[in-house]
Amino acid sequence: MDSLGREILQIAFPAALALAADPVASLIDTAFIGHLGPVELAAVGVSIAIFNQASRVTVFPLVSITTSFVAEDDTIARINDKAPQVENFEKGSVKSVEMKEVMPVMLEKLEEGAATSSETKDSMPEDDSKVVMCKSPSVIDNKTSKLKSSKKRHIPSASTALVIGGILGLLQAIFLIFGAKTLLSLMGVKSGSPMLTPAQKYLTLRSLGAPAVLLSLAMQGVFRGFKDTKTPLYATVAGDLANIILDPIFIFVCRLGVSGAAIAHVLSQYLISLILLLRLMKDVDLLPPSMKELQFGRFLKNGVLLLVRVIAVTICVTLAASMAARLGSTPMAAFQICLQVWLTSSLLADGLAVAGQAILASAFAEKDYEKVTAVASRVLQMSFVLGIGLALFVGVGLHFGGGIFSKDVNVLHLIGIGIPFVAATQPLNSIAFVFDGVNFGASDYIYSAYSMVLVAIASIASLFVLSKSDGFVGIWIALTIYMGLRTFVGVWRMGTGTGPWRFLRGRFLSENV
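What counts and how
Residues numbered from 1 in each chain as written. Predicted model: local features only at pLDDT ≥ 70, side-chain atom pairs only at ≥ 80, totals over all residues. Heavy atoms only, no water. Helix = DSSP H or I, 4+ residues; strand = E, 2+ residues; numbered from the N terminus. Buried < 20%, exposed > 50% of the residue type's maximum accessible area, 1.4 Å probe, protein only. Contact = heavy atoms within 4.5 Å. Areas by Shrake-Rupley, 256 points an atom, 1.4 Å probe, with all protein chains shown as cover. Core = buried A, V, L, I, M, F, W, Y, C linked by side-chain atoms within 4.5 Å. Expected span 1.5 Å × (residues − 1). Salt bridge = Lys/Arg side-chain N within 4 Å of Asp/Glu carboxyl O. Axes fitted to C-alpha atoms, helices over the stretch in contact; angles between N-to-C directions. Parallel < 35°, antiparallel > 145°, perpendicular 65-115°, else oblique. Nonpolar A, V, L, I, M, F, W, Y, C, P; charged D, E, K, R; others polar. Phe/Tyr/Trp six-rings, centres within 6.5 Å; stacked < 30°, edge-to-face > 60°. Polar contact = N/O pair within 3.5 Å; in protein donor to acceptor, adjacent residues only side chain to side chain. pLDDT = per-residue confidence, 0-100. Left-handed = near helix turned anticlockwise from the far one by under 90°.

1. Brief notes about the overall build of the protein
Assigned secondary structure in the protein consists of 18 helices and 0 strands. Per-residue burial for the protein yields a buried fraction of 46% across its 513 residues. Long-range contacts, defined as pairs at least 24 residues apart, comprise 84% of the intrachain contacts of the protein with a sequence gap of at least 6. Carbon and sulfur atoms make up 68% of the accessible area of the protein, which totals about 25,800 Å².

What follows is the structure, encoded as structure tokens:
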């Protein structure tokens, strides 16, 4: 709990709470929709899965890149702002020295004038003249500093993120609205299904909120880059509360059913975006002087790399669920429960990853490699401790609380078999997720993408082999291998001192010499 530890936790804790707020609100949302009937609940579940999958492809690269780029730009802007202030201070010091040299001559002239006019002497005492003449430069300096401090920051990456977020949001909305029926058909909701009408209504209306979702998440990336995770937390909680309040009003009072649930969610997303935008406009000049300052090429290049990474991760998890579904409904039910607990527990580690990314991006921009080493070490240490704590909590919680998710004896038996894997992999999961933040903070996007593709290839091969030979247990062994490989590639990059971590080699050699 030194200054570095406090800085990390001040960023990580609100970030983790903000990440947890949406799943909690979704659970409450689901509870309201569940009162409409099983058909409506199933229809909305399929629609949400489509919307979330479409958003995940664009959101993760956009938010991750924005956080790093804004942290770098903000740090560089602060460094550049300090240079003129230092120069002005030095000039002011020279002027004050010159003033001290001139002062005796001026006082002598005043005394000569006082000999001929007593009124002048009374109105301008010697001591007071000194005080007035000495204070005037500092008063001007204070006014100048106040003007500088009130000036809005110009961060090109922040403006770029908002433009890209808005464009992606519009494209996503158009794609989902016009492709709703086709996408639902691919998910198994055919034309004769009773779920088709409510699912299509919900997905179409929910898609109108896509621009707000992408914009709000882009702005969250901007605030994370400023190391401010409290503002996104407040905005997210305000939006989720509005959703919870509007749900029963639109669903039951206005009798809009699933359409009311979608409208409530869309309004809550626009509320979140409005809160974040108003707050951001106070600190940042979002209108760039020219289009040339927008960093589309930089975002696109690294965004594509992270998109490849997201696809690789999604394929691994989706394939594991597909393999479990082929084993039957009972194994699939048990696997889904274990998987959700397995993934949900990672939210706390994501908070540490956000903190590590923001602080490391600033430290790399300043070329403060001592701080880079300290921050990377500390967040990884914290992630390991967090993983141990989660392992105990998840293991005990699932053992005694499995009945909350299902009453089926066979499902509970399989959950018991999965508990050792779900609990034991928590330290690996925490370290792997935090390594993502560490690599993004170092802007090591190429390695992050290519290494994840190799990890995915090895993991997919193990999933095919082990699921056939060992069934349910084999799938979890393959997922353990998957997380182990993700952790290994993070350790390998830093441990070998390659890429952005080359400075560690020089430091190691100098210490040994």
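Having seen the structure, we can now continue with the description.
2. Overview of the nonpolar core
Phe335, Ile415, Val422, Ile475, Trp476, Leu479 and Tyr482 are the most contacted members of the largest nonpolar core, which totals 40 residues. Not counting the four nearest positions on each side in its chain, Ile475 is found in contact with Ala320, Met323, Ala324, Leu327, Phe335, Leu463 and Ser467. Judged by nonpolar contacts, the second largest core, of 30 residues, contains Phe299, Leu305, Phe440 and Tyr445.

3. So, helix 17 (residues 445–495)
With 51 residues, helix 17 extends only 17 Å from end C-alpha to end C-alpha; this falls clearly short of the ideal 75 Å at 1.5 Å per step. Just past helix 17, the residue Gly497 takes up positive phi, approximately 65°.

4. Observations concerning the environment of Tyr202
Relative to the assigned elements, Tyr202 resides in helix 7 (residues 196–207). Overall, the relative accessible area of 1% leaves Tyr202 in the buried class. Residues Tyr202 and Ser47, spaced 155 residues apart in sequence, show a C-alpha to C-alpha distance of 6.8 Å. Residues contacting Tyr202, with those up to four places away along its chain left out, are Asp29, Val44, Ser47, Ile48, Val258, Ala261 and Ala262.

5. Focus on unusual backbone geometry
Even without a glycine there, the phi angle at Lys227 is positive, about 65°. Looking at the secondary structure, you find Lys227 in the loop between helix 8 (210–225) and helix 9 (230–253). The phi dihedral of Lys367 falls on the positive side, at around 60°, and the residue is not glycine. Among the secondary structure elements, Lys367 is positioned in the loop between helix 13 (346–366) and helix 14 (369–401). Of the residues examined, Lys367 reaches a relative accessible area of 61% and is grouped as exposed.

6. Some words on the pattern of salt bridges
Applying the stated rule across the entire model yields 9 salt bridges. In this structure, Asp2 and Arg378 form a salt bridge, with 2.8 Å as the shortest nitrogen-oxygen distance. On the criterion of sequence distance, the pair formed by Asp2 in the segment before helix 1 (3–34) and Arg378 in helix 14 is long-range, its members being 376 residues apart. By sharing partners, the salt bridges in this structure join Glu72, Asp73 and Arg298 into a single network.

7. Topic: the packing of helix 11 (residues 296–326) against helix 17
How two helices sit against one another is set out by the angle between their axes and by the gap between those axes. Running from amino to carboxyl end, helix 11 crosses helix 17 at an angle of 0°, the nearest separation of the two axes being 9 Å. Classified by the angle their axes make, helix 11 and helix 17 are roughly parallel. Grouping the constituent residues of the contact of helix 11 with helix 17 by class yields 23 nonpolar, 4 polar and 2 charged.

8. Digging into the environment of Gly5
The topology assignment puts Gly5 in helix 1. For the pair Gly5 and Val375, spaced 370 residues apart in the sequence, the C-alpha separation amounts to 8.7 Å. Apart from residues lying up to four places away in sequence, Gly5 is in contact with Arg378 and Met382.

9. Structural notes on the packing of aromatic side chains
Counted by the stated rule, this structure contains 12 aromatic pairs. Ring geometry for Phe335 against Trp476: centres 5.4 Å apart, planes inclined by 45°, an arrangement best described as tilted. Highlighted residues: Phe335 in helix 12 (residues 329–344) and Trp476 in helix 17, separated in sequence by 141 residues. Per residue, the accessibility class of Phe335 equals that of Trp476, and both read buried. Taken together, a centroid distance of 6.1 Å and an interplanar angle of 40° make the contact between Trp501 and Phe503 tilted. Residue Trp501 is classed as buried on the basis of its relative accessible area, which comes to 1%. The rings of Phe60, Phe69, Phe299, Phe440 and Tyr445 are connected pair by pair, giving a single aromatic cluster.

10. Regarding the side chain of Thr373
Inspection of the secondary structure puts Thr373 in helix 14. A distance of 2.9 Å separates the side chain of Thr373 from the backbone oxygen of Tyr369, its partner in a polar contact.

11. Describing the confidence of the model for the protein
Here the protein shows a mean pLDDT of 83. Residues at 70 or above account for 84%. Low confidence marks residues 116–150, where pLDDT is under 50. Its contacts with residues over four positions away, or in another chain, come to 14 contacts.

12. Things to note about the packing of helix 15 (residues 409–424) against helix 17
It is at 10 Å that the axes of helix 15 and helix 17 come closest, and there the two elements cross at 15°. Viewed along their axes, helix 15 and helix 17 adopt a mutual orientation that is roughly parallel. Relative to helix 17, helix 15 is oriented so that their crossing is right-handed. Listed contacts from helix 17 to Leu414, Ile417, Gly418, Phe421 and Val422 of helix 15 are Phe472, Val473, Trp476, Ile477 and Thr480. Within the contact of helix 15 with helix 17, the residues separate by chemical class into 8 nonpolar, 2 polar and no charged.

13. Overview of the environment of Ala173
Within the secondary structure, Ala173 sits in helix 5 (residues 156–178). As for Ala173 and Ala210, which are separated by 37 residues in sequence, their C-alpha atoms are 5.5 Å apart. Those residues in contact with Ala173, other than ones at most four positions away along the chain, are Ser207, Ala210 and Pro211.

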